[in-house]
Amino acid sequence: MTKDELLSFINFKNEQEKEDAEFYISVKGVALHCKVIDFLGFSFSGGEKVEWHKISQLLKTDKATRDVIYIYLATLEEYIRAFISNKYENYTQQKFWINGQGERNCIKDNIEHGKKLFEVLENTEFGCLIKQVENLPIEDKKQLFGGSYCKKNLDAVKELRNAVSHHVFLANYRFKNCIVDGIEGC
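Below, the structure is looked at part by part. What you see is a predicted model, and the numbers here were worked out from it, not measured in a lab.

Describing the pattern of salt bridges
Line of reasoning, step 1. Taken as a whole, this structure holds seven salt bridges when the rule is applied.
Line of reasoning, step 2. As a salt-bridge pair, Arg66 and Asp62 come within 2.7 Å of each other at their nearest N and O atoms. Residue Arg66 and its partner Asp62 are located together in helix α4 (residues 52-88), separated by four residues, close to a single helical turn. Asp62 matches Arg66 in its accessibility class, with the two residues each being buried.
Line of reasoning, step 3. Measuring nitrogen to oxygen at the nearest pair gives 3.7 Å for the salt bridge that ties Glu77 to Arg161. Here Glu77 is found in helix α4, whereas its partner Arg161 is found in helix α9 (residues 151-165), with 84 residues between them in sequence.

Listed below in structure tokens is the structure:
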């Protein structure tokens, strides 16, 4: 579908709304707007029109949700780095350090080359940091996550972080399930 075809299915209160729609469809893409319109339950074959303010409001709500989630994910990321750094800054000779892909993710090598653990972790990408957490002793993982640890939950957090960071439309995104305490499979 082209931008002009999509615009023909949208009802505008005034010319300013139409200009806004043209701009945002150009910036965010026709496909995203089609996804939003589909989420709203609109049928392109029904001959009806969807109000622009409904599309716009859903996109604004979705972005606001991503912004809030990002704050919590960033806090978790900082906490993980601080936990590992606080516990091992003076005890870096450990067998559980890993090397991820790319120079900045070579935790083990960077430590062996004399870099400070905090600086190494600060430069490590989130996916590699999660892999490093998975490689920590189980006692550390339990302490880090308040007594319980589940790899599937870390995978779900990583997926959520990637969706938020890549500006995925969250309202209809199918996320992995987290595991509740006591359920097997972790």
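Quick look at the side chain of His33
Line of reasoning, step 1. Position of His33 among the secondary structure elements: in helix α3 (residues 30-39).
Line of reasoning, step 2. Within the structure, His33 has its side chain in polar contact with the backbone oxygen of Gly29 (distance 2.8 Å).
Line of reasoning, step 3. Beyond its immediate chain neighbours, meaning those up to four positions away, His33 contacts Leu6, Tyr24, Ile25, Lys28, Trp52, Ile55 and Leu59.

A short note on the packing of aromatic side chains
Line of reasoning, step 1. Evaluation of the coordinates by the stated rule reveals nine aromatic pairs.
Line of reasoning, step 2. Pairing Phe9 with Phe44 gives two aromatic rings, centres 5.0 Å apart and planes at 85°, and the pair type is edge-to-face. Linking Phe9 in the loop between α1 (3-7) and β1 (10-11) with Phe44 in the loop between α3 and β2 (50-51), this pair joins segments that are 35 residues apart in sequence.
Line of reasoning, step 3. With a relative accessible area of 26%, Phe44 lands in the partly exposed category.

Rules of the game
- Residues numbered from 1 in each chain as written.
- Predicted model: local features only at pLDDT ≥ 70, side-chain atom pairs only at ≥ 80, totals over all residues.
- Heavy atoms only, no water.
- Salt bridge = Lys/Arg side-chain N within 4 Å of Asp/Glu carboxyl O.
- Helix = DSSP H or I, 4+ residues; strand = E, 2+ residues; numbered from the N terminus.
- Buried < 20%, exposed > 50% of the residue type's maximum accessible area, 1.4 Å probe, protein only.
- Polar contact = N/O pair within 3.5 Å; in protein donor to acceptor, adjacent residues only side chain to side chain.
- Contact = heavy atoms within 4.5 Å.
- Phe/Tyr/Trp six-rings, centres within 6.5 Å; stacked < 30°, edge-to-face > 60°.

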